[in-house]
Amino acid sequence: MRIRFCGFTMHFKHTNPLIMNSLFRYLIILFFIPLGASWPAACLAQDTTSSLGELKNLITDVSLKNGLYNQSIQEKNGSCIVSVKVINTDKQDEEEYEFNFSDLNEYKVNLNATKRSLNISCETSGGKKVIRVYENGSIKGYTNSFTFYASDVENGKSIKDHLEKCILSCRESQTDMTTILGGEPNLDNAINFLKENTKKVSVNDEAWDQQFSVDEAFKAMCSFDVVIEKDGKNMKYNFNAMDINPSTIDFNTKSEFVLVSGQTKGKKKLIEVFENGEKENYVNSFDIYIEDVEEARKYKAALELYTKEAEKLKSNELSKLDGISSLSDLNAFFKSNLTDIAIGDFFAKQTFDYDEAQPYLATFSVDQGELETYKINMVDINENSISFDIKGDKVPVEIHTNDNLNLIQYNKGGEAGKYLDKITIWADDIEAARVLEGTLKKMVIKAKETYQPQIVSGVENPSKEQCVSFLENAFTEVVIGDDAYKLKITPDESNPCKLTYEEHDVTKDKTFHYTFDMQDINNYKTKFNSKGQLAMVYLEIKGEKKLIEISEQGSNSGYTHNLELKARDIENARLIAEAFQKLSLNCTENNN
């Protein structure tokens with residue numbers, strides 16, 4: 001038989017009466033461990049109590065040249081929270097340091113020798129000022145270190161050894177969330193703890209009346225309400241707990257105050273602030289006033305648990321999004337969540353429309369005094385670029401194209417503008433932005449999964465003749481402001497792979513012809529893009545050889561290796577580029 005208890009393992013080879021009596025005595029000992037305490041916690045408590053008892057005997061009066069120092073260490077609240085008192089009896093100066101062993105750094109407990117004394121110096125972990133200082137009985141504030149005296153080297157070494165043991169055992173014994181929360185470490189118990197322990201704190205002539213609340217329908221959404229009595233301010237901080245970085249949650253002190261603070265992930269300004277009911281700019285951190293360091297320690301642990309559990313939750317709207325799969329339904333869901341915005345003097349009337357037959361084609365409209373429209377094929381959007389940010393008190397959602405190409409057709413006040421590479425829409429708040437962002441990403445992914453450009457409806461691999469026929473019909477007239485171009489593609493009668501592109505500049509009354517063979521075209525360099533307000537298709541000869549014949553006003557004017565062809569719009573250019581690619585493959589394969 002083998003029994004392990006408090007770090008010791010006992011082996012029993014026989015079950016004779018003497019052994020059974022010994023086992024019985026061990027069982028009796030267990031009854032003295034408080035109910036609900038784990039064996040390790042009970043062992044650690046015993047270790048701390050033992051070391052603290054030794055320290056009480058070791059920390060004694062020390063006589064120095066400048067006076068007699070009366071020293072003691074006493075428990076304040078359990079064996080981990082203590083005070084070290086040092087009194088210079090000659091000068092009647094009294095200093096008291098109140099702290100929790102778990103806040104000290106075991107590597108910063110040092111025995112130091114000076115000309116007049118041996119002293120023990122102690123520092124907190126991370127230099128946090130969490131040691132409360134009393135001077136002649138009055139609270140002076142907080143510090144991150146303290147010093148007391150040893151009677152000789154052996155006394156100093158023993159004090160140092162027992163201090164380190166207390167630090168380690170206390171640090172491990174105070175991480176039990178069940179004890180802190182008074183129940184199972186879960187979301188609801190963490191919320192209940194925060195509600196009960198976010199309360200009014202008074203320090204000298206200042207007071208903060210504080211409350212914590214959550215949205216019961218979506219418990220990740222929470223609010224801190226703070227009334228600053230001295231200034232008569234009523235502050236409100238709203239945020240989604242999943243936006244808080246749990247590793248930034250900590251407690252510290254500032255002058256006589258104890259604070260628990262937290263910061264958003266990536267330091268993004270995601271905390272909505274209201275002052276006396278008026279919306280202010282978003283911020284990236286918060287502070288909560290706590291009664292004392294020990295309460296702050298528990299509050300920190302509960303807040304960490306709450307933020308970690310909140311990461312598992314979704315709002316009702318985001319949960320609805322999980323059940324939508326078709327692009328048309330996603331578009332409709334997005335449309336229902338895009339609203340008009342009015343924040344202070346800022347307003348934006350917003351609409352979203354899409355083509356029912358071709359749901360990947362969409363139009364965004366934003367009216368901020370002048371109507372702006374953005375036409376886009378969602379396959380051109382980079383889903384990884386869709387994100388919301390904060391600008392003052394407003395929440396913009398930005399949408400960028402793949403490779404930042406200018407593929408978004410833009411119109412302002414009825415006038416066509418240059419093609420753009422991004423769209424900005426506005427959300428009412430961060431949670432609304434989160435829904436818009438998530439929906440847009442899903443829309444773009446679905447569009448890319450389902451969209452296939454087809455120059456002949458229902459035909460995946462059109463023939464050479466079908467490609468040429470499409471190109472003959474695709475080039476017509478392009479009008480941009482005062483400029484107009486008449487365009488035409490003509491195949492050679494005996495060789496449909498040999499084409500002539502005709503561009504007549506109506507405004508300047510000039511005509512250019514470009515003749516080329518599709519077998520010479522580099523298929524991988526065929527692409528579409530824009531140039532200002534014009535949609536363009538680009539062709540390039542393999543090896544950049546100058547095989548495209550140029551004719552101006554009927555006269556040969558040389559050769560080039562590339563060609564820019566104008567198109568009506570980006571969708572027209574997309575299909576023209578697709579037709580050229582298919583034709584190039586057909587011509588090359590047939591030639592081989």
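Located above this text is the structure these notes cover.
A.B. asks: Which residues make up the sheet that holds strand β26 (residues 395–400), and what values go with them?
C.D. replies: The 3 strands are arranged β25-β26-β29 in an open sheet whose pairing can be described as antiparallel. Whereas interior strands pair on both sides, the edge strands pair on one side only; in this sheet they are β25 (387–388) and β29 (422–427). In this structure, β26 lies alongside β29, joined through 6 bridges in antiparallel fashion. Residue Pro396 lies in a different strand from β29, and its bridge partner there is Trp426. Docked against the sheet, helix α9 (residues 430–450) engages β25, β26 and β29, running at close to 140 degrees with respect to β29.

A.B. asks: Summarise the pairing of strand β7 (residues 110–113); cite the residues concerned and give the values.
C.D. replies: Within a regular strand, the side chains alternate between the two sheet faces. Relative to strand β8 (residues 118–123), β7 runs antiparallel, the two being bridged by 4 bridges. Directly across from Asn110, in β8, lies its bridge partner Ser121. Between β7 and β8, which follow one another and run antiparallel, lie 4 residues.

A.B. asks: I'd like a rundown of the state of the cysteines, residues and numbers included.
C.D. replies: Scanning all chains against the criterion turns up 2 disulfides. Here Cys80 is linked by a disulfide to Cys170, with a sulfur-sulfur distance of 2.0 Å. Linking Cys80 and Cys170, the disulfide has an S-S dihedral of approximately -100 degrees and is accordingly described as left-handed. With a gap of 90 residues between them, Cys80 in the loop between β4 (67–75) and β5 (81–88) and Cys170 in helix α3 (residues 153–173) connect regions that are remote in the sequence. Note on accessibility: Cys80 and Cys170 belong to one class, buried. Here Cys497 pairs with Cys587 through a disulfide, and the sulfurs are 2.0 Å apart.

A.B. asks: Explain helix α10 (residues 464–474) to me, using residue names and the numbers behind them.
C.D. replies: For α10, the set of buried residues is Lys464, Cys467, Val468, Phe470, Leu471 and Ala474. Taken around the axis of α10, the buried residues stretch over an arc of 160 degrees, which confines them to a single face. More than 90 degrees from the buried face of α10, the exposed residues found are Glu465 and Asn473.

A.B. asks: Explain helix α6 (residues 293–310) to me, and be specific about the residues and the numbers.
C.D. replies: Relative to the 26 Å expected for 18 residues at 1.5 Å per residue, α6 spans 25 Å between its end C-alpha atoms, a close match to the ideal helical length. With 15 of its 18 residues buried, α6 lies for the most part within the structure. Put simply, Asp292 is the residue that caps the front of α6, since its side-chain oxygen is 3.1 Å from the backbone nitrogen of Glu294.

A.B. asks: So, the side chain of Asn119: which residues are in play, and what are the values?
C.D. replies: Inspection of the secondary structure assignment puts Asn119 in strand β8. Each residue touching Asn119, except ones within four places of it in the same chain, is listed here: Asn110, Leu111, Asn112, Thr114, Thr147, Phe148, Tyr149 and Ala150.

A.B. asks: Lay out the packing of aromatic side chains with the relevant residues and their values.
C.D. replies: By the definition in use, this model includes 24 aromatic pairs. Here the aromatic rings of Phe146 and Phe148 are separated by 6.0 Å at their centres, their planes lie at 15 degrees, and the arrangement is stacked. Of the two residues examined, Phe146 and Phe148, each falls in the buried class. With a centroid separation of 5.2 Å and 75 degrees between ring planes, the pair formed by Trp208 and Phe257 is classed as edge-to-face. Here Phe257 lies in strand β17 (residues 257–263) and Trp208 lies in strand β13 (residues 206–215), a separation of 49 residues in the sequence.

A.B. asks: Give a detailed account of the side chain of Asn337, specifying residues and quantitative values.
C.D. replies: Relative to the assigned elements, Asn337 resides in helix α8 (residues 327–337). The exposure class of Asn337 is buried, given its relative accessible area of 18%. Separated by 3.4 Å, the side chains of Asn337 and Ser336 make a polar contact. Apart from residues lying up to four places away in sequence, Asn337 is in contact with Glu317, Val435 and Leu436.

A.B. asks: If you had to explain the pattern of salt bridges to someone new, which residues and values would you point to?
C.D. replies: Counted according to the given criterion, the structure contains 34 salt bridges. Here Asp243 and Arg434 are joined by a salt bridge, their closest N and O atoms 2.6 Å apart. You can see Asp243 sitting in the loop between β15 (233–240) and β16 (250–254) and its partner Arg434 sitting in helix α9, a full 191 residues away along the chain.

A.B. asks: Can you break down the pairing of strand β22 (residues 346–354) residue by residue, with the values?
C.D. replies: The two faces of β22 differ: Phe346, Ala348, Gln350, Phe352 and Tyr354 on one face are buried, but Phe347, Lys349, Thr351 and Asp353 on the other face are not. Relative to β22, strand β21 (residues 341–343) runs antiparallel, the two sharing 3 bridges. Looking at the pairing, Ile341 lines up with Ala348 of β22. Hairpin geometry of β21 and β22 is characterised by an intervening segment of 2 residues between the two adjacent antiparallel strands and by a positive phi of about 60 degrees at Gly344. Strand direction decides the pairing type here: β22 and strand β23 (residues 361–367), joined by 6 bridges, are antiparallel. From the neighbouring strand, Thr351 faces β23, where its bridge partner is Ser365. In textbook terms, the turn of a hairpin is the stretch between consecutive antiparallel strands, and for β22 and β23 this stretch comprises 6 residues.

A.B. asks: Please provide a residue-by-residue account of the environment of Phe580, values included.
C.D. replies: When you line up the elements, Phe580 lands in helix α11 (residues 570–591). Accessibility expressed as a relative area gives 0% for Phe580, which makes it buried. Expressed as a C-alpha distance, the spacing of Phe580 and Asp161, which sit 419 residues apart in the sequence, is 82 Å.

A.B. asks: An account of the environment of Ile445 is needed here, citing residue identities and associated values.
C.D. replies: For Ile445, the position within the fold is in helix α9. A relative accessible area of 38% places Ile445 in the partly exposed class. Placed 211 residues apart in sequence, Ile445 and Asn234 show a C-alpha to C-alpha distance of 44 Å.

A.B. asks: Outline the packing of helix α5 (residues 187–197) against α6, listing residues and values.
C.D. replies: For the pair α5 and α6, the least separation of the axes is 9 Å and the interaxial angle reads 140 degrees. Compared by their axis directions, α5 and α6 come out oblique. As α5 packs across α6, the resulting crossing turns out to be left-handed. Of the residues in α6, those touching α5 at Leu187, Ala190, Ile191, Phe193, Leu194 and Asn197 are Glu295, Lys298, Tyr299, Ala302, Leu303, Leu305, Tyr306, Glu309 and Ala310. A per-class count over the contact of α5 with α6 returns 11 nonpolar, 1 polar and 3 charged.

A.B. asks: Any chance you could break down the packing of α8 against α9 for me, citing the residues and the numbers?
C.D. replies: Running from N to C, α8 and α9 cross one another at 160 degrees; their axes reach a closest spacing of 10 Å. Between α8 and α9, the interaxial angle falls into the category roughly antiparallel. At the point where α8 passes α9, the crossing takes the left-handed sense. From α8, Leu327, Leu330, Asn331, Phe333, Phe334 and Asn337 reach across to α9, where they touch Val435, Leu436, Thr439, Leu440, Lys442, Met443, Lys446 and Ala447. When grouped by side-chain class, the residues that make up the contact of α8 with α9 number 9 nonpolar, 3 polar and 2 charged.

The rules behind the values
- Residues numbered from 1 in each chain as written.
- Predicted model: local features only at pLDDT ≥ 70, side-chain atom pairs only at ≥ 80, totals over all residues.
- Heavy atoms only, no water.
- Pairing = 2+ DSSP bridges.
- Helix = DSSP H or I, 4+ residues; strand = E, 2+ residues; numbered from the N terminus.
- Contact = heavy atoms within 4.5 Å.
- Axes fitted to C-alpha atoms, helices over the stretch in contact; angles between N-to-C directions.
- Disulfide = S-S within 2.5 Å.
- Buried < 20%, exposed > 50% of the residue type's maximum accessible area, 1.4 Å probe, protein only.
- Arc of directions from axis to C-beta.
- Expected span 1.5 Å × (residues − 1).
- Polar contact = N/O pair within 3.5 Å; in protein donor to acceptor, adjacent residues only side chain to side chain.
- Phe/Tyr/Trp six-rings, centres within 6.5 Å; stacked < 30°, edge-to-face > 60°.
- Salt bridge = Lys/Arg side-chain N within 4 Å of Asp/Glu carboxyl O.
- Parallel < 35°, antiparallel > 145°, perpendicular 65-115°, else oblique.
- Left-handed = near helix turned anticlockwise from the far one by under 90°.
- Nonpolar A, V, L, I, M, F, W, Y, C, P; charged D, E, K, R; others polar.

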